[in-house]
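Summary of the model geometry
What follows is the residue order along each chain.
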Amino acid sequence: MEFFKKETRIDFMGIRHYTGLITVILWIVSLGVLITKGLNFGLDFTGGTQVEARFQSAVSPANIKEQLEHEGFRGIRVQQYGSTQDILIRIGNGTDAQGLLAAGQDDANGEASVAEQQVATRVKETLLKQNAGVEIRRTEFVGSEVGEQLVEQGGIAVLVSILATMLYIALRFEYRLAVSAAVGLTHDAVLILGVFSFFGFEFDLATLASVLAVLGYSLNDTIVVFDRIRENFRKIRKNTPVEIVNLSINQTLSRTIMTSVMTLLVVLALLFFGGESLFGFSMAFFVGIVIGTFSSIYVSGALALWLGLTRADLLPKAKPEWEGP
């Protein structure tokens, strides 16, 4: 399948200096926003209370959230699960009710369970004011220490994935391409996190999973281009490295566009119809696909040229001739 009937001849590398400058500026701005503003971590990372409630009839999560916020609860998320009668309420640290949990968490004798019950009771009392027959089915507390461990483990997961990528590409291709791919993945991750930090989108475990998935998506796109670059270096002897990289990107352009567009259609469906619980996941994927497609062309390829990639680096190494005894 080809998106373009004729092979394109777009001079991508002709503007690599301008796109490189834009990339550096965006990366610095994103990193600055991350350092100064930080991420709006969700309950998975900050700790808090999760309450499962069942109603006698179908209810709207938006109405339940409004009722709880009216009673002083802040930083909460309300979503349906299972059926239209089942509601999941997630109360992050920082609400008025969380003062009870903070006191209970520091007690070595397990007073946190009492605090959880008090929060659940307050939630039930709030809901019973305007809803008949509310049943609190389960209450679960997530401590801040667990959230800190998740933040640390998530950072390690991203770092390990980038290092493993460098090793794989260095073994399969060449170290300049490995460095280029690693920088491209770091660029993607920082820009995604910068968008979430700038707009204050909630960052939870689902969003972290989406970031890791985007890194894999972007890496696959990059490897397709790298594979074509190596193939063209071996087949075409007269062209310069810039011409080879340009040719390779144009040859894989149809595949890149079709893959990105098809994936974006699914992600946009999740973004608009997936509800609040999938917003972070789908938004990170949406931003990541756009940024990842850009980086596979203008970051990884251009950086490999800047590092001095030549034909000799990708040609098969000649085996030494055996001179005999």
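Residues numbered from 1 in each chain as written. Predicted model: local features only at pLDDT ≥ 70, side-chain atom pairs only at ≥ 80, totals over all residues. Heavy atoms only, no water.

Regarding the side chain of Asp 188
Topologically, Asp 188 is positioned in helix H7 (residues 175–199). At 12 Å, Arg 255 is the nearest oppositely charged side chain to Asp 188, a buried residue that forms no salt bridge. Leaving out residues up to four positions away in the same chain, Asp 188 has contacts with Leu 215, Ser 218, Ile 291, Gly 292 and Ser 295. (Helix = DSSP H or I, 4+ residues; strand = E, 2+ residues; numbered from the N terminus. Buried < 20%, exposed > 50% of the residue type's maximum accessible area, 1.4 Å probe, protein only. Lys, Arg positive; Asp, Glu negative; His and termini not counted. Salt bridge = Lys/Arg side-chain N within 4 Å of Asp/Glu carboxyl O. Contact = heavy atoms within 4.5 Å.)

Topic: the packing of helix H8 (residues 205–235) against helix H11 (residues 279–298)
Their axes nearest at 9 Å, the elements H8 and H11 cross at an angle of 20°. As the angle between them shows, H8 and H11 are arranged roughly parallel. H11 is crossed by H8, and the crossing has right-handed handedness. Contact residues: H8 offers Ala 206, Thr 207, Ser 210, Val 211, Ala 213, Val 214, Tyr 217, Ser 218, Asp 221, Thr 222 and Val 225, while H11 offers Gly 280, Phe 281, Ala 284, Phe 285, Gly 288, Ile 289, Gly 292, Thr 293, Ser 295 and Ser 296. Here the contact of H8 with H11 is composed, by residue class, of ten nonpolar, ten polar and one charged. (Axes fitted to C-alpha atoms, helices over the stretch in contact; angles between N-to-C directions. Parallel < 35°, antiparallel > 145°, perpendicular 65-115°, else oblique. Left-handed = near helix turned anticlockwise from the far one by under 90°. Nonpolar A, V, L, I, M, F, W, Y, C, P; charged D, E, K, R; others polar.)

Some details on the pattern of salt bridges
The full count for this structure, using the stated rule, is seven salt bridges. Residues Glu 231 and Arg 228 are paired through a salt bridge, measuring 3.9 Å at the closest nitrogen-oxygen approach. Separated by three residues within a single helix, Glu 231 and Arg 228 lie in helix H8, roughly one turn from each other. You can call Glu 231 partly exposed: its relative accessible area is 35%.

Remarks on the packing of helix H1 (residues 16–37) against H7
Packing of H1 against H7 leaves a shortest axis separation of 8 Å and a crossing angle of 50°. Considered as vectors, H1 and H7 are oriented oblique to each other. Crossing of H1 over H7 shows left-handed handedness. Residue-level contacts link Thr 23, Leu 26, Trp 27, Ser 30, Leu 31, Val 33, Leu 34 and Lys 37 of H1 to Thr 186, His 187, Val 190, Leu 191, Leu 193, Gly 194, Ser 197, Phe 198 and Phe 199 of H7. In terms of residue class, the contact of H1 with H7 is built from ten nonpolar, six polar and one charged.

Considerations on the packing of aromatic side chains
Summed over all chains, the structure comprises nine aromatic pairs. With a centroid separation of 6.0 Å and an interplanar angle of 65°, the aromatic rings of Phe 12 and Tyr 298 are classed as edge-to-face. Of this pair, Phe 12 sits in the segment before H1 while Tyr 298 sits in helix H11, and the two are 286 residues apart along the sequence. Its relative accessible area of 7% is what places Phe 12 among the buried residues. Measuring from ring centre to ring centre gives 5.3 Å for Phe 294 and Tyr 298, while their planes differ by 40°; the resulting arrangement is tilted. Residue Phe 294 and its partner Tyr 298 are both found in helix H11; the two are separated by four residues, about one turn of the helix. The rings of Phe 41, Phe 196, Phe 198, Phe 199, Phe 201, Phe 203 and Phe 279 are connected pair by pair, giving a single aromatic cluster. Stacked on the ring of Phe 198, the Lys or Arg Lys 37 has its end atom at 6.0 Å from the ring centre. (Phe/Tyr/Trp six-rings, centres within 6.5 Å; stacked < 30°, edge-to-face > 60°. Lys NZ or Arg CZ within 6 Å of the ring centre and 35° of its normal.)

Observations regarding the environment of Leu 127
With respect to the secondary-structure elements, Leu 127 resides in helix H5 (residues 112–128). For Leu 127, a relative accessible area of 0% translates into the label buried. Here the alpha-carbon distance between Leu 127 and Gln 67, two residues 60 residues apart in the chain, equals 7.2 Å. Not counting the four nearest positions on each side in its chain, Leu 127 is found in contact with Phe 55, Ile 64, Gln 67, Leu 68, Ile 89 and Val 134.

Some remarks on the confidence of the model for the chain
When pLDDT is averaged along the chain, the result is 80; 83% of the residues meet or exceed 70. No element of the chain has a lower mean pLDDT than helix H4 (residues 98–105), which averages 45, and none a higher one than H1, which averages 92. Of the regions scoring below 50 in pLDDT, residues 96–109 engages in 27 contacts with residues more than four places distant in sequence or in other chains. (pLDDT = per-residue confidence, 0-100.)

Digging into the nonpolar core
Within the largest apolar cluster, 48 residues are counted, with the highest numbers of intra-cluster contacts made by Met 13, Ile 169, Ile 192 and Ile 229. Contributing elements (two or more residues each) for this core: helix H6 (144–172), H7, H8, helix H9 (241–251), helix H10 (253–273), H11 and helix H12 (300–306). Core analysis: the second largest hydrophobic core is formed by 16 residues, Phe 73, Ile 76, Ile 89 and Leu 127 among them. (Core = buried A, V, L, I, M, F, W, Y, C linked by side-chain atoms within 4.5 Å.)

A look at the environment of Ile 223
Looking at the secondary structure, you find Ile 223 in helix H8. Counting along the chain gives 51 residues from Ile 223 to Arg 172, while the straight-line C-alpha distance between them is 9.9 Å.

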